[in-house]
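Understanding the architecture of this molecule
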There are 2 protein chains.
Amino acid sequence: MFGARCLLLALRRCSSAPCPKHKQAARLRVCEALEAQEVAGDIKVQGWVRSVRSQKQVLFLHINDGSSLESLQVVADPTLEHRDLTFGSAVEVQGKLVKSLHRMQNVELKAENIRVVGPCDTLMFPFKPRERQPLEYSRQFPHLRCRTNTLSSLLRVRSEATAAIHSFFKDNGYVHVHTPIITSNDCEGAGELFHVRTSNKVQEPGENSHFFNVPAFLTVSGQLHLEVMAGAFTQVFTFGPTFRAENSQSRRHLAEFYMVEAEMSFTESLQDIIQVMEDLFKTVTSIVLSKCPQDVELFHKYISPAQKGRLEQMLKNKFVTIPYTEAVEILKRAPQTFTFQPKWGRDLQTEHEKYLVKHCGEVPVFVVNYPYDLKPFYMRDNEDGPQHTVAAVDLLVPGTGELCGGSLREERLHFLQSRLERYLDLRQFGSAPHGGFGMGFERYLQCILGVDNIKDVIPFPRFPHSCLL
Amino acid sequence: MFGARCLLLALRRCSSAPCPKHKQAARLRVCEALEAQEVAGDIKVQGWVRSVRSQKQVLFLHINDGSSLESLQVVADPTLEHRDLTFGSAVEVQGKLVKSLHRMQNVELKAENIRVVGPCDTLMFPFKPRERQPLEYSRQFPHLRCRTNTLSSLLRVRSEATAAIHSFFKDNGYVHVHTPIITSNDCEGAGELFHVRTSNKVQEPGENSHFFNVPAFLTVSGQLHLEVMAGAFTQVFTFGPTFRAENSQSRRHLAEFYMVEAEMSFTESLQDIIQVMEDLFKTVTSIVLSKCPQDVELFHKYISPAQKGRLEQMLKNKFVTIPYTEAVEILKRAPQTFTFQPKWGRDLQTEHEKYLVKHCGEVPVFVVNYPYDLKPFYMRDNEDGPQHTVAAVDLLVPGTGELCGGSLREERLHFLQSRLERYLDLRQFGSAPHGGFGMGFERYLQCILGVDNIKDVIPFPRFPHSCLL
């Protein structure tokens, strides 16, 4: 049998079934016809030419429409060749879909008519057939790099992962909330903020100098707004863009990136939050692997061969949990020398995170119960001591480092006094113990695909000195 | 039988099945037990108290956890009453779920233990039991209004509609793309832009005065970025926030709102785009109606009684398509006087839109082929004349007015010359005929629910002079 995706490609514009509603029925008919060694009815395939190979007797084309990594082979009479029929051109091919004799593909299209709807000047086009360019090269062409195999695979994986994240939460009874992008809050002093202003001409004379009457920023996290919603729904989530105006040239940071955030009411144990994080990672990754096996394979084959085995390990094993205090002890006993000496009360550095993950056998590690003084005000006081901690958790993953962060939130009014008025209001009216976490979506994609630079896992990266398109 | 949502509420924290994975199994067990008139095992329900009614013999509570409009009735011994057990407090009730004898509900919880985890000062709390406040009143409390019936219904509908939009496109083979929020483009001069800047202290001396080296704005539309993607995928969509810095105090505009946008390659007919718009509206609305019947009913009963019948009409009938030129003729022949006189070449005003929808029998109307001079550069020239038009379409719906806008895009290089360089680049390399549309998500919610003010269909509204939380 042939792959459904490849067939979908062929059937997308199948002339016998122009309506999306009938696609399924048409697919079955074609499957049956092909299994019975018959030819399918007339089909029209549309896409971009990935290769042209002209022989004396026959013309071979490969057409791709973005629905899969695989292209459809078109077999045509050489008389159908046309000077505009080049790599990169947009074509419509009409013909019959037949079972292929070639062992590498299941179906091929016997062309009866080829129409070039959009030619492509191959000399000017920055990509060439059968050339694998480094990701850095493609990044210069944000408007064209989606036509390369690597980026189109990435975009399919990203789309599937997005859908899987929505369905994971929906299946588990979470309500989705669009937390605001423009906000007058600075969630946790999580970093430098972008300011949102209007051009001066919008302001009318005598008006307050701010459009919103108050200074407005781009959100760094939807957490506070999710906490609002967690006062009416026991489980809520958001999945949207967040921003940092930090001037860092890093492979792990962007000025605009996506975060998955969840908040759960009536949660009194960090373990409940840890369980959701582990389930989310494993469920979404399993769905992506089953929906886009070829796309993930491309990354594991050409971009990061080590990641395939690591990912299998991550899915197979239970994630490890270690308290921060124990983590520091492990680091102190480590046979290696660190640039930053591990010490209770200090933040874990990337070198420490890497060591801990290795120490635990290259599986994801939850580090829990961080020092009180290291974490923001809203995290729940463990009331322990003298090594005073809060119920916070970070998830460290092989290769990528910190992927998620979460905590129980301080629900007790008297622990929060003299803080934000509205934040206190939430605690005053039916405050339930709750907690939540956030996962960086680009970090997640870096992790499962083994992509080194975060700029290569987002369609239009924004970072200092760059905002192309 | 009792409703699944109500049961889900009771089972969410069912002590016999703490793991989400076993919820389904537990649900079946409880269903069977109840059908056999037996009592279910011990259950722990968590939520917020919606009413307390104390009688001599028995204490009645209604508990809501946000999973449905319906609350769960708790029946307890009056000795379990506690002074903190008030409207708005967060409670955990442990007991047995039994079949209710009351005809209005299917199950009730016989409490064995009640714990108030978060008291609520009812004097300070801005909402009172059994009081229906106007939406304007609730809007003053963005951090608490989600606890009212109306807003919690709205948020459930919004969450279901969001999921339905994602699944509509996914089921039809579209790839989801996160188009950027910060952009250096002004898509179509669609309105005033918000500028994105850093505070001055981030800039290092000698640096370019912009974080991104170029002026950066909040996006007004993801269309150009979707068009980039439509050069590699035949069908793409995005669903994210868009922004307008317009100083309008309107019931139909927000500074931050959500748009669903789709782009389809190899589309040469406006009819194909119209079909997707109609399918999207009908499919998503049917899903919302089937998943949240009570929540939609609340709006149709208390907020906008006229909308229920209208919505049924919209779903039952085929939408109407009329060319702009014909629309102007209809308006000219209208027996009513308009403030703005209809004339070929002028924009349709709200009064015109309303008349056209009424004229067509209160069903949604697609107006197609607008004057060339009214529409932005990227819309496809119909090359007709002397009344020169472009292949544009607007969808007008009863009650709400303009809901969607779309067009075929100009794919022909020579029609676009002297425009954006990158936009031209797209046309130079395998340019396929394509088109797309956008739908305002808040307008959509206003339309199906009959909500007059757009500020009441978004969790945290942003508009001139207001950015609460």
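Residues numbered from 1 in each chain as written. Chains lettered and ligands numbered in written order. Predicted model: local features only at pLDDT ≥ 70, side-chain atom pairs only at ≥ 80, totals over all residues. Heavy atoms only, no water.

1. Some words on the interface of chain A and chain B
- Tallying the contact residues gives 112 residues for chain A and 111 residues for chain B.
- Summed over both sides, the interface between chain A and chain B buries roughly 9,700 Å², with carbon and sulfur atoms accounting for 59% of that surface.
- Summed over the shared surface of chain A and chain B, the number is four salt bridges.
- For the side of chain A that touches chain B, a count of residues per class yields 51 nonpolar, 36 polar and 25 charged.
- Here five bridges tie strand β8 (residues 194–198) of chain A to strand β8 (residues 194–198) of chain B, and the two strands are oriented antiparallel to one another. Counted as the bridge partner of Arg-197 of chain A is His-195 of chain B from β8 of chain B. (Contact = heavy atoms within 4.5 Å. Buried area = accessible area lost by both parts, 1.4 Å probe. Salt bridge = Lys/Arg side-chain N within 4 Å of Asp/Glu carboxyl O. Nonpolar A, V, L, I, M, F, W, Y, C, P; charged D, E, K, R; others polar. Pairing = 2+ DSSP bridges. Helix = DSSP H or I, 4+ residues; strand = E, 2+ residues; numbered from the N terminus.)

2. A few points about the relation of the copies chain A and chain B
- Expressed as a screw operation, the relation of chain A to chain B combines 0.0 Å of axial shift with a rotation of 180°, fitting to an RMSD of 0.0 Å. Taken together, these values place the two copies in the relation of a two-fold axis. Across chain A, the smallest distance between a C-alpha and the rotation axis is recorded for Val-196 of chain A, namely 2.5 Å.
- The fraction of interface residues of chain A whose copies in chain B are also interface residues reaches 99%, indicating that both copies meet through the same surface. (Least-squares fit on C-alpha atoms with pLDDT ≥ 70 in both.)

3. Examining the pattern of salt bridges
- For the structure shown, the criterion picks out 32 salt bridges over all chains.
- Of the charged contacts in the structure, one is a salt bridge between Lys-170 of chain B and Glu-160 of chain A, with a shortest N-O distance of 2.9 Å. Of this pair, Lys-170 of chain B sits in helix α4 (residues 149–171) while Glu-160 of chain A sits in helix α4 (residues 149–171), which puts the two residues in different chains.
- Residue class for Lys-170 of chain B comes out partly exposed when judged on its relative accessible area of 31%.
- Accessibility expressed as a relative area gives 8% for Glu-160 of chain A, which makes it buried.
- Ionic pairing is found between Arg-409 of chain B and Glu-263 of chain B, a salt bridge with its closest N-O pair at 2.8 Å. Note that Arg-409 of chain B is positioned in strand β15 (residues 401–409) and Glu-263 of chain B in strand β11 (residues 256–265), a separation of 146 residues in sequence. The same class applies to Arg-409 of chain B and to Glu-263 of chain B, which are both buried. (Buried < 20%, exposed > 50% of the residue type's maximum accessible area, 1.4 Å probe, protein only.)

4. A short note on the sheet that holds β8 of chain A
- Strand order across the open sheet formed by six strands is β7(A)-β9(A)-β8(A)-β8(B)-β9(B)-β7(B), with antiparallel pairing between neighbours. Where the open sheet ends on each side, the last strands, each with one partner, are β7 (182–183) of chain A together with β7 (182–183) of chain B.
- Of the strand pairs in this sheet, β8 of chain B and strand β9 (residues 216–218) of chain B are connected by two bridges, and their pairing is antiparallel. Bridge assignment links His-195 of chain B to a residue of β9 of chain B, and that residue is Phe-217 of chain B.

5. What to know about the packing of aromatic side chains
- Applying the stated rule across the entire model yields 44 aromatic pairs over all chains.
- Ring centres of Phe-239 of chain A and Tyr-258 of chain A lie 6.4 Å apart, and the angle between their planes is 90°; this geometry places the pair in the edge-to-face category. Here the residue Phe-239 of chain A occupies a position in strand β10 (residues 235–243), and Tyr-258 of chain A occupies one in strand β11 (residues 256–265), the gap between them amounting to 19 residues.
- Given a relative accessible area of 9%, Phe-239 of chain A falls into the buried group.
- Assessed through its relative accessible area of 4%, Tyr-258 of chain A is described here as buried.
- Measuring from centroid to centroid gives 4.9 Å for Phe-211 of chain B and Phe-212 of chain B, while their planes differ by 80°, and the two rings are edge-to-face.
- Here Phe-211 of chain B falls in the buried class, since its relative accessible area comes to 8%.
- Relative accessible area serves as the criterion here: at 2%, Phe-212 of chain B is assigned to the buried category.
- Among the aromatic residues, ring-to-ring pairing joins Phe-239, Tyr-258, Phe-281, Phe-319, Phe-366, Phe-441 and Tyr-444 of chain A into one connected group.
- It is Lys-455 of chain A that lies over the ring of Phe-463 of chain A; its NZ or CZ is 4.6 Å from the centre. (Phe/Tyr/Trp six-rings, centres within 6.5 Å; stacked < 30°, edge-to-face > 60°. Lys NZ or Arg CZ within 6 Å of the ring centre and 35° of its normal.)

6. Things to note about α4 of chain B
Residue and element names in this part refer to chain B.
- Given a rise of 1.5 Å per residue, 23 residues ought to cover 33 Å, and the 32 Å separating the end C-alpha atoms of α4 matches this to within 8%.
- With respect to burial, α4 is a largely interior element, 19 of its 23 residues being buried.
- Just downstream of α4, Gly-173 is the residue with a positive phi angle, here 85°. (Expected span 1.5 Å × (residues − 1).)

7. Some words on the packing of α4 of chain A against helix α6 (residues 270–291) of chain A
All names here are of chain A.
- Running from N to C, α4 and α6 point in directions that differ by 135°, and their axes come no closer than 9 Å. As summarised for this structure, α4 and α6 are arranged oblique, according to the angle between their axes. The interaxial crossing formed by α4 with α6 has right-handed handedness. Contact residues: Val-157, Glu-160, Ala-161, Ala-164, Ile-165, Phe-168 and Phe-169 in α4; Val-276, Asp-279, Leu-280, Thr-283, Val-284, Ile-287, Val-288 and Lys-291 in α6. (Axes fitted to C-alpha atoms, helices over the stretch in contact; angles between N-to-C directions. Parallel < 35°, antiparallel > 145°, perpendicular 65-115°, else oblique. Left-handed = near helix turned anticlockwise from the far one by under 90°.)

8. Points about the sheet that holds β15 of chain B
Residue and element names in this part refer to chain B.
- Ordered in space as β6-β10-β11-β16-β15-β14-β13-β12, the eight strands form an open sheet in which the pairing is mixed. Of all strands in the sheet, those bounded by a partner on one side alone are β6 (175–176) and β12 (320–323).
- Packed onto the sheet, helix α13 (residues 441–449) meets β10 (235–243), β11, β14 (389–397), β15 and β16 (434–440) and runs at close to 60° relative to β16.

9. Considering the pairing of β11 of chain A
Residue and element names in this part refer to chain A.
- Among the 10 residues of β11, 10 are classified as buried, and the element is accordingly described as predominantly covered.
- Residues Glu-256, Tyr-258, Val-260, Ala-262 and Met-264 point to one face of β11 and Phe-257, Met-259, Glu-261, Glu-263 and Ser-265 to the other, with burial holding for every one of them.
- Note that β10 and β11 share nine bridges and pair antiparallel. Bridge pairing in β11 places Pro-241 opposite Tyr-258.
- Across seven bridges, β11 lies against strand β16 (residues 434–440) in antiparallel orientation. Across the sheet, the residue bridging to Met-259 is Gly-440, located in β16.

10. Digging into the pairing of strand β13 (residues 365–371) of chain B
Residue and element names in this part refer to chain B.
- Burial runs high along β13: six of the seven residues are buried.
- Bridging between β13 and β14 involves six bridges; their strand directions are antiparallel. Looking at β14, one finds that Phe-366 is bridged to Leu-395.

11. Observations regarding the nonpolar core
- In this structure, Phe-169, Phe-194 and Tyr-444 of chain A together with Phe-169, Phe-194 and Tyr-444 of chain B are the most contacted members of the largest nonpolar core, which totals 166 residues.
- Beyond its immediate chain neighbours, meaning those up to four positions away, Tyr-444 of chain A contacts Ala-161, Phe-281, Val-284, Thr-285, Leu-403 and Met-439 of chain A. (Core = buried A, V, L, I, M, F, W, Y, C linked by side-chain atoms within 4.5 Å.)

12. Concerning the environment of Ala-334 of chain B
Residue and element names in this part refer to chain B.
- Position of Ala-334 relative to the elements: it lies in the loop between α9 (324–333) and α10 (350–359).
- Using a relative accessible area of 11% as the deciding quantity, one classes Ala-334 as buried.
- For the pair Ala-334 and Ile-165, spaced 169 residues apart in sequence, the C-alpha to C-alpha distance is 37 Å.

13. Things to note about the packing of helix α9 (residues 324–333) of chain A against helix α10 (residues 350–359) of chain A
All names here are of chain A.
- Orientation of α9 relative to α10, taken along the N-to-C sense of each, is 90°, at an axis distance of 10 Å. Taken together, the axes of α9 and α10 are roughly perpendicular relative to one another. Two secondary-structure elements touch here, α9 through Ala-327, Ile-330 and Leu-331 and α10 through His-352, Tyr-355, Leu-356 and His-359.
- A per-class count over the contact of α9 with α10 returns five nonpolar, two polar and no charged.

14. Concerning the environment of Asp-384 of chain A
Residues and elements named next belong to chain A.
- Mapped onto the elements, Asp-384 comes out in the loop between β13 (365–371) and β14 (389–397).
- Residue Asp-384 is classed as partly exposed on the basis of its relative accessible area of 36%.
- Placed 240 residues apart in sequence, Asp-384 and Leu-144 show a C-alpha to C-alpha distance of 56 Å.

15. A look at the confidence of the model for chain A
Residue and element names in this part refer to chain A.
- Confidence in the prediction of chain A, expressed as mean pLDDT, is 84, and 85% of residues score 70 or more.
- pLDDT under 50 marks residues 1–33. Its contacts with residues more than four places away, or in other chains, come to 70 contacts.
- Considering only residues more than four positions removed or in separate chains, one finds that residues 35–39, a stretch of pLDDT under 50, has eight contacts.
- As scored by the predictor, the complex reaches a pTM of 0.89 and an ipTM of 0.88. (pLDDT = per-residue confidence, 0-100.)

16. Points about the environment of Pro-398 of chain A
All names here are of chain A.
- Within the element layout of this structure, Pro-398 appears in the loop between β14 and β15 (401–408).
- Relative accessible area serves as the criterion here: at 1%, Pro-398 is assigned to the buried category.
- Between the C-alpha atom of Pro-398 and that of Met-314, which follows or precedes it by 84 residues, the distance is 8.6 Å.
- When residues no more than four places from it in sequence are discounted, the contact partners of Pro-398 are Gln-307, Arg-310, Met-314, Val-357, Glu-362, Val-363 and Pro-364.

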